[in-house]
Amino acid sequence: MPLALLALAVGAFGIGTTEFAMMGLLPDVAGDLGISIPDAGHLVSAYALGVVIGAPLLAAATSRMSRRTVLIALMGLFVVGNALSALAPGENWLLAARFLSGLPHGAFFGVGAVVATGLVAPERKARSVSLMFLGLTVANIAGVPAATLVGQHLGWRATFLGVSAIGVAAIASLYLLIPRTPGHTPGGGLRGELAALRPLPVWLALGTTVTGFAALFSAYSYITPMLTDAAGYAHGSVTLLLALFGVGATAGNLLGGRLADHAMRRTLFGGLASLVAVLAAFPVLMRTEWSAAVAVVLLGTAAFVTGSPLQLMVMEKAAAAPSLASSANQAAFNLANAGGAWIGGLALAAGFGATSPALAGAGLAVLGLAVAAAGLAVDRRRAAAVAGTPGRLVATHLPAPAEHAHR
């Protein structure tokens, strides 16, 4: 694998750290600014809103630029946003700075995924994407706990200054390691980029991302009350258990990348089916401390097995605008974050018990399987139409296009 993937992973590490560190710093931020915890929670939403808005817009607006230049510029915006967060004098300024910090998130991963796949042979595309995402999953193991400790001992502003320093290191890595000519061919402008997102298979792939990862966030958003109220852990143990989730996510990410290079569709369906099983077992697994720890690891593994195949699938379905499609997939991921947390909260508020968000997540994962199956059916129907052969015959003898290319 090219050393250039390390530069993408460093950027992903910084982004993952700033995205999730705020959740652990909410009490410190609220106390320093004199606001309530719920009001401080709007800072998380502001970042997510920035991701959803910035991902497709920045990817489309920079479609004619060199991808190396785009990545460096996006990371520069990331550094500015986090530095302004550290210097924000009040809540409104911090909200604006967090929104600004979120703008480059999705576009960085979107453009980065296109660059990563262009650096390797076709049979290693999914693995290259998984190595870029490795920075994001490792951030949950090391970056977020370290950022939380820094914020608690040196103040939350020091955390964002530290994240800005990571961004500067990422810029240097991108400048030194990413090839100057990554094979980018200018497209047909904004209209041409947006037109590439119109086909139904693209939307079905994005829909699979939304429903599949909403299943994860329905449970993960409420993992702390599950671990304390159901499994009986002390609050002080939750940070370590969340690091275990990062270990599972890292393992699932690497496994998914390797498997998807051989059979992308089967990896996707297998990951979603595993997610259904893990979430459905949560009420049982959360009865004891040891099985709850296993459940946290399995949740991260099952969910992130699907990350690379979903990213690659969206890019292939919108081959005329892979950067925009890949960035839109990151926006879909953050929509899943918000939607999953909302649905899990409804189950909890309805009084169905501490583990009810996991069961709601299992239902969302089943929906994700249904959307993925619809995408497969559409692909096979289109393949049959192109071949001029009855759909049943093609569906029986032709594998999904992405898998066929890797065999």
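Note that the coordinates shown come from a computational prediction; the quantities given were computed from them, not determined experimentally.

### Some words on the packing of aromatic side chains
- Under the counting rule described, the total for this entry stands at eight aromatic pairs.
- Measuring from ring centre to ring centre gives 6.1 Å for Trp-156 and Phe-160, while their planes differ by 80°; the resulting arrangement is edge-to-face. A residue pair is termed a helical-turn pair when its members lie 3 or 4 positions apart in one helix, as Trp-156 and Phe-160 do in helix α6 (residues 156-177) at four residues.
- Looking at Phe-160, the relative accessible area reads 0%, which means it is buried.
- An angle of 25° between the planes, with centres 4.2 Å apart, marks the rings of Tyr-220 and Phe-245 as stacked. Of this pair, Tyr-220 sits in helix α8 (residues 200-220) while Phe-245 sits in helix α10 (residues 238-260); the two residues are 25 residues apart in sequence, bridging distant segments of the chain.
- Take Tyr-220: its relative accessible area is 14%, and that puts it in the buried class.
- Phe-245 sits in the buried class, given a relative accessible area of 4%.
- By the ring-pair criterion, three or more aromatic residues cluster together here, those being Phe-213, Phe-217, Tyr-220, Phe-245, Phe-304 and Phe-333.

### Some details on helix α3 (residues 67-87)
- Under the 1.5 Å per step criterion, the end-to-end length of α3 is 30 Å for 21 residues, consistent within 8% with the ideal 30 Å.
- Those residues of α3 that sit buried are Arg-67, Arg-68, Val-70, Leu-71, Leu-74, Met-75, Phe-78, Val-79, Gly-81, Asn-82, Ser-85 and Ala-86.

### Some points on a nonpolar patch on the surface
- A surface patch of nonpolar side chains, about 280 Å² in accessible area, is lined by Leu-49, Ile-53 and Leu-57.
- On the secondary structure map, Ile-53 appears in helix α2 (residues 37-61).
- Exposure remark for Ile-53: the relative accessible area of 36% places this residue in the partly exposed category.

### Quick notes on empty space enclosed by the protein
- Scanning the model with the defined rule gives three cavities of 30 Å³ or more in all.
- Of the voids in this model, the largest cavity is the one considered here, and its volume is about 150 Å³.
- What lines the largest cavity is Phe-133, Leu-136, Thr-209, Phe-213, Asn-253, Phe-304, Gly-307, Leu-310, Gln-311, Asn-329, Gln-330 and Phe-333.
- Every element with two or more residues in the lining of the largest cavity is listed here: α5 (125-154), α8, α14 (307-317) and α15 (322-349).
- Across the lining of the largest cavity, the residue classes break down as six nonpolar, six polar and no charged.

### Description of the pattern of salt bridges
- Per the counting criterion, the structure on display carries four salt bridges.
- A salt bridge links Arg-265 to Asp-379, with the shortest nitrogen-to-oxygen separation between them at 1.9 Å. Here Arg-265 is found in helix α11 (residues 264-280), whereas its partner Asp-379 is found in helix α16 (residues 356-387), with 114 residues between them in sequence.
- One salt bridge connects Lys-317 with Asp-379, and the closest N-O pair in it is separated by 2.6 Å. Of the two residues, Lys-317 sits in helix α14 while Asp-379 sits in helix α16, which places them 62 residues apart along the sequence.
- Residues participating in the shared-partner salt-bridge network are Arg-265, Lys-317 and Asp-379.

### So, the side chain of Thr-267
- Within the secondary structure, Thr-267 is located in helix α11.
- From its side chain, Thr-267 meets the backbone nitrogen of Ala-260 in a polar contact 3.4 Å long.

### As for the environment of Asn-92
- Within the secondary structure layout, Asn-92 lies in helix α4 (residues 91-118).
- The class of Asn-92 is exposed, set by a relative accessible area of 61%.
- Distance from Asn-92 to Leu-43, taken between C-alpha atoms, is 9.5 Å for residues 49 residues apart in sequence.

### Some remarks on the nonpolar core
- One finds Leu-216, Phe-282, Met-286 and Leu-299 to be the most contacted residues of the largest nonpolar core, which totals 59 residues.
- Of all the elements, α8 adds the most residues to this core, at ten residues.
- Every residue in contact with Leu-299, bar those within four places of it in the chain, is listed here: Leu-216, Ala-219, Phe-245, Leu-275, Val-278, Leu-279 and Phe-282.
- By size, the runner-up hydrophobic cluster in this structure holds 33 residues, among which are Leu-8, Ile-15, Val-111 and Val-115.

### Some remarks on the packing of α11 against α14
- Close contact between α11 and α14 brings their axes to 10 Å; oriented N to C, the two are set at 135°. With respect to α14, the axis of α11 lies oblique. Note that α11 runs across α14; the crossing there is left-handed. On α14, the residues touching Met-264, Arg-265, Thr-267 and Leu-268 of α11 are Pro-309, Leu-310, Leu-312, Met-313, Glu-316 and Lys-317.

### Section: the packing of α10 against helix α13 (residues 289-304)
- Packing of α10 against α13 brings their axes to within 7 Å, and their N-to-C directions diverge by 35°. The way α10 lies across α13 gives a crossing that is right-handed. On the side of α10, the interface is formed by Leu-241, Leu-244, Phe-245, Gly-248, Ala-249, Gly-252 and Asn-253, while α13 contributes Ala-293, Val-296, Val-297, Leu-299, Gly-300, Thr-301 and Phe-304.
- Looking at the contact of α10 with α13 residue by residue, the class counts come to nine nonpolar, five polar and no charged.

### A word on the side chain of Asn-82
- Within the secondary structure layout, Asn-82 lies in helix α3.
- Looking at Asn-82, the relative accessible area reads 0%, which means it is buried.

Criteria and thresholds
- Residues numbered from 1 in each chain as written.
- Predicted model: local features only at pLDDT ≥ 70, side-chain atom pairs only at ≥ 80, totals over all residues.
- Heavy atoms only, no water.
- Phe/Tyr/Trp six-rings, centres within 6.5 Å; stacked < 30°, edge-to-face > 60°.
- Helix = DSSP H or I, 4+ residues; strand = E, 2+ residues; numbered from the N terminus.
- Buried < 20%, exposed > 50% of the residue type's maximum accessible area, 1.4 Å probe, protein only.
- Expected span 1.5 Å × (residues − 1).
- Patch = residues over 30% accessible without salt bridge, like charges linked within 9 Å, V, L, I, M, F, W, Y side chains within 5 Å.
- Areas by Shrake-Rupley, 256 points an atom, 1.4 Å probe, with all protein chains shown as cover.
- Salt bridge = Lys/Arg side-chain N within 4 Å of Asp/Glu carboxyl O.
- 1 Å grid on protein atoms, 1.4 Å probe; cavity = no way out; pocket = protein on both sides within 12 Å on 5 of 7 lines; lining within 4 Å.
- Points joined across faces, edges and corners; volume = space filled by probe spheres on them.
- Nonpolar A, V, L, I, M, F, W, Y, C, P; charged D, E, K, R; others polar.
- Polar contact = N/O pair within 3.5 Å; in protein donor to acceptor, adjacent residues only side chain to side chain.
- Core = buried A, V, L, I, M, F, W, Y, C linked by side-chain atoms within 4.5 Å.
- Contact = heavy atoms within 4.5 Å.
- Axes fitted to C-alpha atoms, helices over the stretch in contact; angles between N-to-C directions.
- Parallel < 35°, antiparallel > 145°, perpendicular 65-115°, else oblique.
- Left-handed = near helix turned anticlockwise from the far one by under 90°.

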